Amino acid sequence: MLVGDIISFIKAAKLLGRFFVSKTSPHEREQLKLRLRELEKEDKVRIIGKILDAEELEHRRAIRAECDVERAWEQVQRRMEERKGQRRLKRYSLMLQSAASLAAAVLIACGVIYYTHVGRQKRVMAQIAQIRPDGQHAVLYFADGASIDLGLRDSLAVRTETGVDVELTGEKSLAYKLRKARQEPKEELPEEYNTLVTPRGSEYSLTLADGTRVWLNAASRLRFFTSDRGRERRVWLEGEAYFEVAHDARRPFVVESGGQSIRVLGTRFNINTYEGDRAIYTTLVEGSVAIAPLAGGEGVTLEPGQQAEYSLRNNGAIAVKEVDTSLATAWMSGTFLFEHASITEIMERLARWYNFEFEVSPLLDGLRFSGQFPRCGELDKILSIIASTGTGMQIDYDGKKITLR
């Protein structure tokens with residue numbers, strides 16, 4: 001083999017190393033084609049073919065963001081300089097083997113970075129796997145300021161002067177029950193209001209004194225009436241809740257959330273105020289609800305299968321559209337259900353349930369995902385599935401904050 005052939009091989013090997021990690025320019029790719037044309041003899045093609053093994057190529061492409069080919073090649077050249085003082089090889093075949101070794105050195109350097117990356121990701125995901133939701137923690141605040149951490153109680157029995165008993169009725173369930181034989185107060189007492197708060201990572205259900213049932217999602221707060229004697233049944237919501245309102249034609253049920261008021265007699269609906277700085281979403285499953293801005297303005301009436309979006313950024317405008325109600329109520333059945341959701345939207349919902357901080361690179365904002373995951377599932381598995389969709393996403397965790405980039 002001529003010395004010129006060997007030099008061509010070495011130059012081609014360097015271009016191949018850059019090609020494998022997608023760092024070649026159009027000009028360099030043309031150079032690579034020319035070099036490969038010069039290496040069409042059987043023994044050279046066999047070596048090139050081994051380097052271009054399909055499985056290895058996939059591995060190399062996977063590390064394109066991590067592998068610094070230029071640095072790896074500089075290391076190879078440095079080793080070549082160290083050998084300058086050595087005796088020249090007499091056989092060109094040995095020079096060919098050396099050239100092949102140099103090309104392999106570039107790939108091996110990238111491979112080391114790849115496996116280091118994989119090992120680091122495994123360690124990160126192992127840490128994330130330790131993040132678990134609380135599940136059944138909630139705090140009940142009474143009108144006099146006293147509070148009870150329901151997650152620390154196996155039972156509860158509170159008798160009120162308004163003829164209502166407060167009891168734990170299940171693992172994550174609280175009820176206000178009217179006493180059957182109760183005496184009417186001699187004088188009319190003002191309505192008392194209690195507040196139920198669920199922190200991040202917890203959910204709870206509540207049965208009100210009128211029989212209405214409310215399911216409170218994580219990071220939510222509900223202020224509610226404690227008797228059945230008022231002219232109306234009014235509650236205040238922050239966060240997200242699903243309502244099954246007991247019918248009572250004499251006393252309408254009113255929910256205030258953000259800047260809107262919802263008035264119903266008997267119905268089933270979900271309210272999501274998590275995005276209170278942008279919009280409030282009310283999704284009607286059954287019955288009918290009337291929604292109106294608290295500041296005044298035109299209201300709307302929803303029919304089953306419709307969702308109202310109350311926009312705080314558009315002067316309280318309310319837009320109505322037909323939706324799949326299962327998307328809004330999936331959380332009640334223990335499911336995360338995403339449909340064309342952005343990475344930020346997905347992470348917001350995961351963070352409320354698994355209780356962690358997060359940061360998403362702006363480069364990922366344009367990505368959209370659809371999928372279904374159990375809320376009882378492990379966080380690392382959910383993130384691994386999302387990251388495995390071919391986006392090249394990298395996941396980091398410092399013990400407090402998960403970063404996606």
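Residues numbered from 1 in each chain as written. Predicted model: local features only at pLDDT ≥ 70, side-chain atom pairs only at ≥ 80, totals over all residues. Heavy atoms only, no water.

1. Concerning the nonpolar core
Grouped together as the largest cluster of nonpolar side chains are 41 residues, with contacts concentrated most on Leu150, Leu174, Tyr176, Phe243 and Phe269. Aside from chain neighbours lying at most four places away, what touches Phe269 is Ala241, Tyr242, Phe243, Val245, Val255, Ile262, Val264, Thr282, Thr283, Leu284, Val285 and Val289. Membership of the second largest hydrophobic core comes to 29 residues, among which are Trp353, Tyr354, Val360 and Ile382. (Core = buried A, V, L, I, M, F, W, Y, C linked by side-chain atoms within 4.5 Å. Buried < 20%, exposed > 50% of the residue type's maximum accessible area, 1.4 Å probe, protein only. Contact = heavy atoms within 4.5 Å.)

2. Comments concerning the packing of aromatic side chains
Tallied over the full model, the rule gives nine aromatic pairs. Between the aromatic rings of Tyr193 and Trp236, the centroid separation amounts to 5.4 Å while the plane-to-plane angle is 75 degrees, which identifies the pairing as edge-to-face. Pair noted here: Tyr193 is in strand β6 (residues 193–198) and Trp236 is in strand β10 (residues 233–238), with a separation of 43 residues, a long-range link. An aromatic cluster is defined as three or more aromatic residues linked by ring pairs; in this entry it consists of Phe225, Phe243, Phe253 and Phe269. The side chain of Arg352 reaches across the aromatic face of Tyr274, ending 3.6 Å from its centre. Over the ring of Trp353 we find Arg375, and its NZ or CZ is 3.9 Å from the ring centre. (Phe/Tyr/Trp six-rings, centres within 6.5 Å; stacked < 30°, edge-to-face > 60°. Helix = DSSP H or I, 4+ residues; strand = E, 2+ residues; numbered from the N terminus. Lys NZ or Arg CZ within 6 Å of the ring centre and 35° of its normal.)

3. A look at the pairing of strand β20 (residues 335–342)
The buried count for β20 comes to six of eight residues, which makes it a mostly enclosed element. Examined bridge by bridge, β20 and strand β22 (residues 368–374) share six bridges and lie antiparallel to one another. Within β22, the position partnered with Ala341 by the bridge is Phe369. (Pairing = 2+ DSSP bridges.)

4. Comments concerning helix α9 (residues 379–387)
Regarding α9, the residues found buried are Leu379, Asp380, Ile382, Leu383 and Ile386. Along the axis of α9, the buried positions cluster into a sector of 160 degrees, meaning they face one direction only. (Arc of directions from axis to C-beta.)

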